[in-house]
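The residues making up each chain are set out below.
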Amino acid sequence: MARITYIEHNGTKHVVDVPTGLTVMEGARDNGIPGIEADCGGACACSTCHVYVDAAWIDKLPPKEEMEEDMLDFAYEPDPVLSRLTCQLRVSDELDGLVVTMPEKQL
């Protein structure tokens, strides 16, 4: 289980425990957190689960794979360093304390 903080674009924080093995996207979906739409259901076929990862966590995450990089091109205002797709971030004990912020909108 990892405690993850999801921050809406307006600053509203949601701190939830997400079971190990789920994705950060599934954690948001299962907890009704607004701002992560996940239209493709986690297939890395859209960019509607885009977030900005807190800078302190960037080096602790696995690197982006090519498919994620390609999908981020379609995201709203992607950041070359901080942007990630939450469907590609598998929850583990090492992600306990992760902080992500949603963009103003999803495309």
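The structure this text deals with has already been given above.
Residues numbered from 1 in each chain as written. Predicted model: local features only at pLDDT ≥ 70, side-chain atom pairs only at ≥ 80, totals over all residues. Heavy atoms only, no water.

Student: Quick question: what am I supposed to make of the sheet that holds strand E4 (residues 83-85) here?
Tutor: Two orientations exist for strands paired in a sheet by backbone hydrogen bonds: parallel and antiparallel. Strand order in this open sheet of five strands is E2-E1-E5-E3-E4, and the pairing throughout is mixed. Each edge of the open sheet is held by one strand with a lone partner, namely strand E2 (13-18) and E4. Here the average twist between neighbouring strands, direction ignored, is 35°. Relative to strand E5 (residues 99-101), strand E3 (residues 50-53) is paired through two bridges, and the arrangement is antiparallel. If you follow Tyr52 over to E5, its bridge partner there is Thr101. (Pairing = 2+ DSSP bridges. Helix = DSSP H or I, 4+ residues; strand = E, 2+ residues; numbered from the N terminus. Axes fitted to C-alpha atoms, helices over the stretch in contact; angles between N-to-C directions.)

Student: Help me understand the nonpolar core in this model?
Tutor: Nonpolar side chains tend to gather and get buried jointly when the protein is soluble and globular. Grouped together as the largest cluster of nonpolar side chains are 29 residues, with contacts concentrated most on Ile4, Tyr6, Val24, Ile36, Val53, Leu85 and Leu98. Residue assignment for this core shows that the elements contributing at least two residues are strand E1 (2-7), E2, helix H1 (24-30), E3 and helix H2 (66-72). Each residue touching Leu85, except ones within four places of it in the same chain, is listed here: Cys44, Cys46, Ser47, Cys49, His50, Glu68, Met71 and Leu72. (Core = buried A, V, L, I, M, F, W, Y, C linked by side-chain atoms within 4.5 Å. Buried < 20%, exposed > 50% of the residue type's maximum accessible area, 1.4 Å probe, protein only. Contact = heavy atoms within 4.5 Å.)

Student: How do you make sense of the environment of Gly97 when you look at a structure like this?
Tutor: Structurally, Gly97 can be placed in the loop between E4 and E5. Here the alpha-carbon distance between Gly97 and Gly35, two residues 62 residues apart in the chain, equals 19 Å. Excluding anything up to four places from it in sequence, Gly97 contacts Arg3 and Trp57.

Student: Please explain the side chain of Arg84 as it appears in this structure.
Tutor: As for its position among the elements, Arg84 is in strand E4. Separated by 2.8 Å, the side chains of Arg84 and Glu68 make a polar contact. In this structure Arg84 touches Cys49, His50, Val51, Val53, Leu61, Pro62, Pro63, Lys64, Glu68, Leu72 and Leu89, once residues within four positions along its chain are discounted. (Polar contact = N/O pair within 3.5 Å; in protein donor to acceptor, adjacent residues only side chain to side chain.)

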